[in-house]
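# Results of the structural survey
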Amino acid sequence: MTDLSDTELERYARHIVLPQVGGVGQRKLKAANVAVIGAGGIGSAVIPALAGAGVGRLTIIDEDVVELGNLHRQPLFRERDAGYSKADLALQFVERLNHFVKASPVQQRIGTDNAPQLLAGHDLVIDGSDNFATRLAVSDACVALGIPLVSAAAVQFQGQVGLFRSKPCYRCFVGDAFDSDDCDNCAELGVLGALSASVGSFAALLAINSIVGVGDDQAGRLHLFNGETLEWRAIRIPPDPGCRACGSA
Ligand SMILES: [Zn+2]
């Protein structure tokens, strides 16, 4: 496994001192190749957390450009970034934060047609996209490729985050009803900025714990956050034997 330079040992000292991480865990982070889908509200928490943590390679997939209405929940961007590619700006952010991280921007919409090709070769995918159709396409590709998926969503005052390792998958939870169009998104429903940041930070923690091997495996559990009562709860997702992606049919 790749070694850590003196600069990296200093940089990640507060990680390495943790018994749960140590030098071994830090080298696992450095060796990891993670795809982040969406440099929006979730991605604005996930990308700095992963880049700061020293995840070695990050692919940032987002076809959008920054709009003024994004800025209340997307601190990756500034006012003068309006109109510019989120993926490219996220790359610049990562380069400023941590030059040990190799980031690759992909300014494309990810869907059923290109998800397998865009996600192949990654060790973990974190999906912070804002609609069911994308989330299901990403989940199906992760199941087919055998890549663990952290799926995170935030809308209004509600958040959900789950880690899926092929079975059960995100489709077992959601079902097939939402494939066709963007029947939900926060442009229409609204979302509190601090809520998406909380959910994104949770997703980053889940991803880092999964890569390093901290704690019990969280696969198949969905963590739900209520931003009004400020309570987290977890439910277990049962595998759906008839699931189109991971079922036996
Ligand atoms: Zn499934």
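Residues numbered from 1 in each chain as written. Predicted model: local features only at pLDDT ≥ 70, side-chain atom pairs only at ≥ 80, totals over all residues. Heavy atoms only, no water.

Moving on: the pairing of strand β3 (residues 102–106). In this sheet, β3 lies alongside strand β2 (residues 57–61) in parallel orientation, the contact comprising five bridges. By the bridge assignment for β3, Ile60 is matched with Pro105. With helix α5 (residues 86–97) bridging β2 and the parallel β3, this β-α-β connection has right-handed handedness. (Pairing = 2+ DSSP bridges. Helix = DSSP H or I, 4+ residues; strand = E, 2+ residues; numbered from the N terminus. Right-handed = clockwise from strand over helix to strand, strands pointing away.)

To describe two helices that pack against each other, one gives the angle between their axes and the distance between the axes. Their axes nearest at 8 Å, the elements helix α4 (residues 43–53) and helix α10 (residues 193–212) cross at an angle of 35 degrees. Between α4 and α10 the crossing geometry is right-handed. Residues Ala45, Val46, Ala49, Leu50 and Ala53 of α4 touch α10, and the partners they reach there are Ala197, Gly200, Ser201, Ala203, Ala204 and Ile208. Here the residues of the contact of α4 with α10 sort into nine nonpolar, two polar and no charged. (Axes fitted to C-alpha atoms, helices over the stretch in contact; angles between N-to-C directions. Left-handed = near helix turned anticlockwise from the far one by under 90°. Contact = heavy atoms within 4.5 Å. Nonpolar A, V, L, I, M, F, W, Y, C, P; charged D, E, K, R; others polar.)

Before going further, it helps to spend a moment on the pattern of salt bridges. All chains considered together, the criterion is met by seven salt bridges. We note a salt bridge from Asp140 to Arg171, for which the minimum N-O separation is 2.6 Å. In this pair, Asp140 sits in helix α7 (residues 132–145) while Arg171 sits in helix α8 (residues 170–174), placing the two residues 31 residues apart along the sequence. Judged by relative accessible area, which is 22%, Asp140 ranks as partly exposed. (Salt bridge = Lys/Arg side-chain N within 4 Å of Asp/Glu carboxyl O. Buried < 20%, exposed > 50% of the residue type's maximum accessible area, 1.4 Å probe, protein only.)

Here we come to the nonpolar core. If you look at the biggest cluster of nonpolar residues, it comprises 44 residues, and the most contacted ones within it are Val34, Leu50, Leu58, Ile126 and Val150. Elements supplying a minimum of two residues to this core: β1 (33–37), α4, β2, α5, β4 (124–127), β5 (149–155), β6 (158–164) and α10. Looking at which element gives the most residues to this core, the answer is α10, with nine residues. Beyond its immediate chain neighbours, meaning those up to four positions away, Ile126 contacts Val34, Ala35, Val36, Ile37, Val46, Leu50, Val150, Ala203 and Ala207. (Core = buried A, V, L, I, M, F, W, Y, C linked by side-chain atoms within 4.5 Å.)

Just distances and angles here, no functional claims.
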